[in-house]
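Structure at a glance
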Amino acid sequence: MLVDLVQATTGDGVRLDGAFLTPSSSGSSSVGVDAFCFLHGTGGNFYTSSLFDDLGEHLRALGCAVLRVNTRGHDGVSTASTDQGGRRQGAAYEVVDHCRYDVAAWLAWLRQRVGSRIGLLGHSMGAIKGLYALAHEPQNAPVCAVALSPPRLSYSWFCSSPEGADFLQTYQLAERHAAKDQSGAILEVKLPLPMLITAGGFVEKYGPDERYNYLRFVAAVPCPTLITLGSVEVANNMAFRETPQAIEELAAKRKNLHVETIVDGDHFYNGVREALFAQLDAWLGRR
């Protein structure tokens, strides 16, 4: 498969890499979107997701181009090229709020390439980044947004869950490091997911102000929005438990918000991707 390796520079001077794939079918898009921008999850990047491999091929067959991109949080630890030199980045060091710069840069790039009929699609943390960026900078909104399995980043929800004691122990450890001017100390945490992260980053991302709890800001996303979850992750993961019901309550008050739970779906929709794609196609058609 031939791709164009591309770059974009954010408004705060960070250079990001991605890959642009043209439609595999001739003629115009059959779903009213000419191209989708894909945002990876925690520690991911633009080239390793098998979910994005399959989803990209599906959308390309429908006449959509696909732009798969890095955010500055790509991989566990990485070095970003900036206009002021190298900077340590990756999931361990990122400030999620800065995703606004990444999303704005890539949507501008895609509009320049294909025009205004573009969509934004994110998986996991990439789904949160997409929703967060659009809610806080609605002037950048595409024609639609798709959020695949965004985790519910809620301090209060985590603390009240069966795993709450373990989560709180981790949070308090990170808080102690931050209070001792050791915000940059790297922690290896297990909850809400196994990863390396700075103490300050853990407090900022998972703290009681719940800055990235998308249930608090998804209603502000100005374009039609689809959220999907897998029934397996909903049943077994603290970051997804009871979330479909919470989204449905919000959707009852906002007609452009829709949620679908994919039966037998895990976080990566292994074995049920055709069912996921069918729900996406149906939603795009209704939109």
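Before going into details, it helps to say that this report is about the structure given with it. This one's a predicted model, so the numbers in the text were calculated from it and none came from an experiment.

1. Considering the state of the cysteines
Inspection of the entire model under this criterion finds zero disulfides. Cysteine Cys-99 remains unbridged, with the sulfur of Cys-37 as its closest cysteine sulfur at 12 Å. With no disulfide of its own, Cys-144 lies 6.7 Å from the sulfur of Cys-223, the closest cysteine sulfur. For Cys-144, a relative accessible area of 0% gives the class buried.

2. Overview of the pairing of strand β10 (residues 195–198)
Bridge count between strand β9 (residues 186–189) and β10: four bridges; the pairing is antiparallel. Bridging across to β10, Ile-186 finds its partner in Thr-198. Between β9 and the antiparallel strand that follows it, β10, lie five residues.

3. Re the layout of surface pockets
Looking at the largest pocket, its volume works out to about 480 Å³. Along its surface, the largest pocket is lined by 26 residues, and Thr-42, His-123, Ser-124, His-267 and Phe-268 are the ones closest to its centre. Of all the elements, helix α1 (residues 50–61) adds the most residues to the lining of the largest pocket, at three residues. Across the lining of the largest pocket, the residue classes break down as twelve nonpolar, twelve polar and two charged. Roughly 160 Å³ of internal volume is contained in the second largest pocket.

4. Let's talk about the packing of α1 against helix α9 (residues 273–286)
One can describe the packing of α1 onto α9 by two numbers: an axis separation of 11 Å at closest approach and a directional angle of 45°. As summarised for this structure, α1 and α9 are arranged oblique, according to the angle between their axes. α1 and α9 meet at a crossing whose hand is right-handed. On α9, the residues touching Ser-50, Leu-51, Asp-54, Leu-55, His-58 and Leu-59 of α1 are Arg-273, Leu-276, Phe-277, Leu-280 and Asp-281. Here the contact of α1 with α9 is composed, by residue class, of six nonpolar, two polar and three charged.

5. Structural notes on the packing of helix α5 (residues 164–179) against helix α6 (residues 199–206)
Look at α5 against α6: their axes get within 8 Å of each other, and the N-to-C directions meet at 125°. Between α5 and α6, the angle falls in the class oblique. By crossing handedness, the relation of α5 to α6 is classed as left-handed. Touching Phe-167, Thr-170, Tyr-171, Ala-174, Glu-175, His-177 and Ala-178 of α5 are Ala-199, Phe-202, Val-203 and Tyr-206, all from α6. Looking at side-chain class alone, the contact of α5 with α6 contains eight nonpolar, two polar and one charged residues.

6. Some words on the packing of aromatic side chains
The tally for this structure, following the rule as stated, stands at 13 aromatic pairs. Seen from their ring centres, Tyr-155 and Tyr-171 are 5.1 Å apart, and the 70° between their planes marks the pair as edge-to-face. Residue Tyr-155 is located in helix α4 (residues 155–160), and its partner Tyr-171 is located in helix α5; the two are separated by 16 residues in the primary sequence. Note on accessibility: Tyr-155 and Tyr-171 belong to one class, buried. Three or more aromatic residues link up through ring pairs in this structure, and these residues are Tyr-155, Phe-158, Phe-167, Tyr-171, Phe-202 and Tyr-206. The lysine or arginine in question, Arg-100, covers the ring of Tyr-101, its NZ or CZ lying 5.3 Å from the ring centre.

Here is what the cut-offs are and how they apply
- Residues numbered from 1 in each chain as written.
- Predicted model: local features only at pLDDT ≥ 70, side-chain atom pairs only at ≥ 80, totals over all residues.
- Heavy atoms only, no water.
- Disulfide = S-S within 2.5 Å.
- Buried < 20%, exposed > 50% of the residue type's maximum accessible area, 1.4 Å probe, protein only.
- Pairing = 2+ DSSP bridges.
- Helix = DSSP H or I, 4+ residues; strand = E, 2+ residues; numbered from the N terminus.
- 1 Å grid on protein atoms, 1.4 Å probe; cavity = no way out; pocket = protein on both sides within 12 Å on 5 of 7 lines; lining within 4 Å.
- Points joined across faces, edges and corners; volume = space filled by probe spheres on them.
- Nonpolar A, V, L, I, M, F, W, Y, C, P; charged D, E, K, R; others polar.
- Axes fitted to C-alpha atoms, helices over the stretch in contact; angles between N-to-C directions.
- Parallel < 35°, antiparallel > 145°, perpendicular 65-115°, else oblique.
- Left-handed = near helix turned anticlockwise from the far one by under 90°.
- Contact = heavy atoms within 4.5 Å.
- Phe/Tyr/Trp six-rings, centres within 6.5 Å; stacked < 30°, edge-to-face > 60°.
- Lys NZ or Arg CZ within 6 Å of the ring centre and 35° of its normal.

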